[in-house]
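Summary of the model geometry
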Amino acid sequence: MDDINLADALEGASAIRDAELFSADKGHLKRRTFAIISHPDAGKTTLTEKLLFESGAIRLAGQVKERGERRRTRSDWMEIEQKRGISISSSVMTFEYDGLVLNLLDTPGHADFSEDTYRTLTAVDSAIMVIDAAKGIEAQTLKLFEVCRLRDIPIITFVNKIDREGRDPLEILDEIMSSLALDVTPVTWPMGMGTDFRGIVQVGAQGPVRLTRNTRERVEFASLDAFAADPTLATDPIFGPSIEGLEIARGTLPAFDVDAYRSGHLTPVVFGSAMREVGVRDLLDAISTFAPSPLPQPALPAAIQPSGKEVSGFVLKIQANMDPNHRDRIAFVRLTSGVFKRGMRLKNVRTGKDMKVSAPMFFFARDREIADEAVAGDIVGIPNHGTLSVGDTLTEGSTLTVTGIPSFAPEMIRRVRLPDAMKVKQLQKALNDLAEEGVIQVFRPVIGSSWLVGVVGALQLDVLVSRLAVEYGVEIMLEAAPFDTARWVDTDDAAELDRFVKANQGDLARDREDRPVFLARNSWELSYAQKNYPAVRFTATRERH
Ligand code: GDP
């Protein structure tokens, strides 16, 4: 129950924090809530550790020991994670930097698109995109970027691993511009790469600039022009060409424009090396200087303003059984307005029920702590026994509903087979729990008795089987189902829906909230149904209300 994440890799880590910053009067304007998006192996884990370290959230006592193996066994709490060596569950880390409270939401890094990742990105105000200097934009980065683009989330780019042989920096910038249709402005520029790496120089700064090679070696120059004009550097076989590249970038790329960044049209780019701690401080400075404080949250009947007085928030994630011995279940709530205080009563708008929040938690680098006060932008963990579901809106009483947190129609549907019929109750509970967490969707066919589960990515099926066995002691088998897609059905014409339901009993199911779902065997069948029942809407996403 104590250790939660990445920082576990660091022996003797401890959190330092400034109580004053968490007080209400500083408010939401001091919050920066962001996520890191990347392709597996680009260096997200390393960068996260270094951000925490550089900000002072964790102190390094001695060296990181037995990295890799040990890190995995300590921080990955699910068996499946250990098997695959990937991080599946996203969580949150809160730390301070430069008088601000930074809330970093961890997105799962595996290649399968998951709803969890999507929802994490609906709960942030900005993102950091980490790319590998040798590989450029990779498939998963692109996918996650597209999700960010849907809301025009501002993005700061970190080009990692410049201590290795990589692509030419101009080529990397060009790729970002052309494949993501973003303007770019470098914040730092590398002098050589790989074995030739000599450091990064700050590009945007007015006045003195630093050439930084690692945590110890820094040289200061009066200005960037003075650096670029330094005669010994200009003739150096490594510095010379790098400075030339820098000058081309300065001459051709737009100057940094904070509005263009905040509207999602321009990305500042930090070249660095997470592993060598180069550029990490520049990245933190870019976040604290440019990244937006909490933005208004889309909701019905009207958007929620972060400066609003009434406390509101929404559940972006449920994480159950973080510690199998405690059977805990934590709802991660992103606050969207007001000053939340421990002990407050909040209403779950979906159920209409009130709950007293007596033990809300903050998640720091290494530990959890009771949250006495929190404001818009903060993520608090609320322990509960099933009263909260993903997408729920919490308020002090009004009936606002946060929007934009969808469920996706599953792309893979499987039938659940339970060899031990004695365990049907446990299975039912487990499927319900996991559906609430958003790991899977559960459907009950109108005809027949078996359960169907639907997922967006194949990995979720492995997670399901593994978690059922490990956490609930239920062994299941998944069998092919004759369906390959599902659509929620809905209409303004009740008689028409009735006609549709009667004629398609064999292909209908109910979701967890008893809404009718049409299961189609293939896309032809779906379009056939659409053609025959023009008054019925077949929807692929469903807002969770
Ligand atoms: P993730 O999958 O994105 O979380 O990536 P990791 O942080 O686990 O890093 C993947 C691999 O790249 C690990 O072996 C890291 O040690 C290595 N790595 C990360 N950052 C750097 C860097 O700046 N330079 C070099 N050379 N290797 C790095």
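Above this text you will find the structure in question.
Residues numbered from 1 in each chain as written. Predicted model: local features only at pLDDT ≥ 70, side-chain atom pairs only at ≥ 80, totals over all residues. Heavy atoms only, no water.

Remarks on the overall build of the chain
Helix and strand counts for the chain come out as 15 helices and 33 strands. Long-range pairs, those at least 24 residues apart, make up 72% of the contacts in the chain between residues at least 6 apart in sequence. Carbon and sulfur atoms make up 51% of the accessible area of the chain, which totals about 22,400 Å². (Helix = DSSP H or I, 4+ residues; strand = E, 2+ residues; numbered from the N terminus. Contact = heavy atoms within 4.5 Å. Areas by Shrake-Rupley, 256 points an atom, 1.4 Å probe, with all protein chains shown as cover.)

Looking at the pairing of strand E2 (residues 92-97)
Taking burial as the measure, the six residues of E2 include six buried ones, the bulk of the element. The two faces of E2 match: Val92, Thr94 and Glu96 on one face and Met93, Phe95 and Tyr97 on the other face are all buried. Note: E2 against strand E3 (residues 100-105), six bridges, orientation antiparallel. Looking at E3, one finds that Val92 is bridged to Leu105. Remark: two residues form the turn of the hairpin made by E2 and E3, two consecutive strands paired antiparallel; Asp98 in that turn has positive phi of roughly 50°. (Buried < 20%, exposed > 50% of the residue type's maximum accessible area, 1.4 Å probe, protein only. Pairing = 2+ DSSP bridges.)

A look at unusual backbone geometry
Pro301 follows Leu300 through a cis peptide bond whose omega is 5°. In this structure, Asp41 takes a positive phi of about 80° despite not being glycine. Even without being glycine, Asp514 reaches a positive phi, approximately 70°. Locating Asp514 in the fold gives a position in the loop between strand E30 (508-510) and strand E31 (516-520). The exposed category is assigned to Asp514, whose relative accessible area is 51%.

Thoughts on the site of the ligand
Within the structure, the ligand sits among 16 residues, and Asp41, Thr45, Thr46, Asp163 and Ser273 are positioned closest to it. Within the side chain of Thr45, an N or O atom sits 2.3 Å from an oxygen atom of the ligand. A distance of 3.1 Å separates an oxygen atom of the ligand from a polar backbone atom of Ala274. The protein chains hide 81% of the 570 Å² of surface that the ligand would expose on its own. Partitioning the shell around the ligand into residue classes produces four nonpolar, six polar and six charged. (Near = heavy atom within 4 Å. Polar contact = N/O pair within 3.5 Å; in protein donor to acceptor, adjacent residues only side chain to side chain. Nonpolar A, V, L, I, M, F, W, Y, C, P; charged D, E, K, R; others polar.)

Focus on the pairing of strand E16 (residues 345-348)
Two elements, E16 and strand E17 (residues 353-356), share four bridges in a ladder whose sense is antiparallel. Among the inter-strand pairings, Leu346 is bridged to a residue of E17, identified as Met355. For E16 and strand E22 (residues 393-395), the ladder comprises two bridges, and the chain directions are antiparallel. Along E22, the bridge assignment pairs Asn348 with Leu394.

Side note on the environment of Asn103
Residue position: Asn103 is located in strand E3. Owing to a relative accessible area of 0%, Asn103 belongs among the buried residues under this scheme. Taking the C-alpha atoms as reference, Asn103 lies 12 Å from Val333; in sequence the two are 230 residues apart. Within polar-contact distance, the side chain of Asn103 engages the side chain of Thr94 at 2.7 Å. Reaching out from Asn103, the side chain makes a polar contact with the backbone oxygen of Gly377 at a distance of 2.9 Å.

Focus on helix H12 (residues 424-437)
Over its 14 residues, H12 extends 20 Å from the first C-alpha to the last, a length consistent with the 20 Å expected when each residue adds 1.5 Å. What H12 keeps buried is the set Leu427, Ala430, Leu431, Asp433, Leu434, Ala435, Glu436 and Glu437. (Expected span 1.5 Å × (residues − 1).)

A few points about the sheet that holds strand E27 (residues 452-455)
Ordered in space as E28-E25-E27-E26-E30-E31-E29-E32, the eight strands form an open sheet in which the pairing is antiparallel. In the strand order of this sheet, the two ends are held by strand E28 (477-480) and strand E32 (536-539), each with one partner. Neighbouring strand axes in the sheet, compared pairwise and without regard to direction, differ in orientation by 40° on average. One ladder, built from four bridges, connects strand E29 (residues 485-491) with E32; its direction is antiparallel. Across the sheet, the residue bridging to Asp490 is Arg537, located in E32. Contacting E29, E31 and E32, helix H15 (residues 523-532) crosses the sheet at an angle of about 130° to E31. (Axes fitted to C-alpha atoms, helices over the stretch in contact; angles between N-to-C directions.)

Regarding the packing of aromatic side chains
The way to describe two aromatic rings as a pair is by their centre distance and the angle between their planes. All chains considered together, the criterion is met by 10 aromatic pairs. Centroid distance Phe500 to Tyr533: 4.9 Å. Interplanar angle 80°. Geometry classified as edge-to-face. With a gap of 33 residues between them, Phe500 in helix H14 (residues 494-503) and Tyr533 in the loop between H15 and E32 connect regions that are remote in the sequence. By the burial criterion, Phe500 is buried, and Tyr533 matches it. Taken together, the aromatic side chains of Phe500, Phe518, Tyr533 and Phe538 make up a single cluster linked through ring pairs. (Phe/Tyr/Trp six-rings, centres within 6.5 Å; stacked < 30°, edge-to-face > 60°.)

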